[in-house]
Amino acid sequence: RRPPRSTQGVSSAASDVYKRQAKKEEAAKIYETIIKDVTNISEDDQRIKESAICALGDVFAEQKALQYLSQLIVSIRPQISYMPQARIAKIIRMLYDKLLTIEGGLEAGLAIGKEIAEWCIKEKRTFLKHRIQTKLASVYFELKKYNDALKTIEDVLHEVRKLEDMLLLVDIHLVETKVYIALENVAKAKASLTAVKTAATTVNLHPAVQAEIDMLSGYIAAEEKDYSTGFSYFYESFQGLTSLKDPKSKNTLLYICLLYTSDAADDTPCVDLGGRRIIKKKK
């Protein structure tokens, strides 16, 4: 049996090639060698192979090699079948997320997402299936295919509610809220957002998720002409996104400015948004 260090050495060599901005094709071939090696299955080897897969995905994503990345998502499965299900799910989701960032990746992501979901059903990988279906609903939303998004959400919600996976319920209802807002159905959007907040009471949310909840809450409050509450939510969202250096903070700031410049200006509280930060953004 070849010792783990040899695989580690190959992985390091690939990283060096990649960092020196040498031919990415050369680095990709080294990563593929590591991935195809099924002789070493120790925990260390699994971590090395996971890193190689992630790195190869990065190469394809930077090259905007949509077809190669799509093929990798499918071809990689037999080569990692011996790994724990949680690690397999992590790898597949990571590659799928990279695919969606490429130009034209959303359209390709629909077909690949459906194929992954079908594979999950066949292999009885419920955890991964629910998360891919949730991501699919988000892709439908981004492509403005709202009816397909709602149908996907309906299918996955039925199963996730039984499992009481609160973190996933937050993600699902967030997508549902955004779909109803896009459809200008404020009543259903508010109901979905209430479901988000109910599920969120029992879990710790990432600050970016909380900021998104605040922004959607502000939007719905403003739609209901509760401008003071809307402003407060937008302000909380702005603070959260700014602390994360998230570019979405500009959108939240725009909502705040719209409230000030609209007929609602008299109802919005006056707070310090951090003048220096705003002036810097304007520059």
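Report on the accompanying structure. (Residues numbered from 1 in each chain as written. Predicted model: local features only at pLDDT ≥ 70, side-chain atom pairs only at ≥ 80, totals over all residues. Heavy atoms only, no water.)

Overview of the environment of Glu115
- For Glu115, the position within the fold is in helix α6 (residues 105-123).
- Each C-alpha atom of the pair Glu115 and Val74 lies 8.8 Å from the other, and the pair is 41 residues apart in sequence.
- When residues no more than four places from it in sequence are discounted, the contact partners of Glu115 are Val74 and Arg77. (Helix = DSSP H or I, 4+ residues; strand = E, 2+ residues; numbered from the N terminus. Contact = heavy atoms within 4.5 Å.)

Comments concerning the layout of surface pockets
- Roughly 1100 Å³ of volume is contained in the largest pocket.
- Lining the largest pocket are 32 residues, and of these Ser138, Glu142, Lys178, Glu212 and Lys248 sit closest to its centre.
- Mapped onto the lining of the largest pocket, the elements with two or more residues apiece are α5 (85-101), α7 (126-142), α9 (166-182), α11 (207-223) and α13 (249-261).
- Among the elements that line the lining of the largest pocket, the one with the most residues is α7, at eight residues.
- Partitioned by chemical class, the residues of the lining of the largest pocket number 18 nonpolar, four polar and 10 charged.
- Computed from the structure, the second largest pocket encloses a volume of approximately 300 Å³.
- Looking at the second largest pocket, it is lined by 16 residues, and the ones nearest its centre are Glu32, Leu56, Phe60, Tyr68 and Leu72.
- At the level of elements, α2 (24-36), α3 (43-62) and α4 (66-75) are the ones that each hand at least two residues to the lining of the second largest pocket. (1 Å grid on protein atoms, 1.4 Å probe; cavity = no way out; pocket = protein on both sides within 12 Å on 5 of 7 lines; lining within 4 Å. Points joined across faces, edges and corners; volume = space filled by probe spheres on them. Nonpolar A, V, L, I, M, F, W, Y, C, P; charged D, E, K, R; others polar.)

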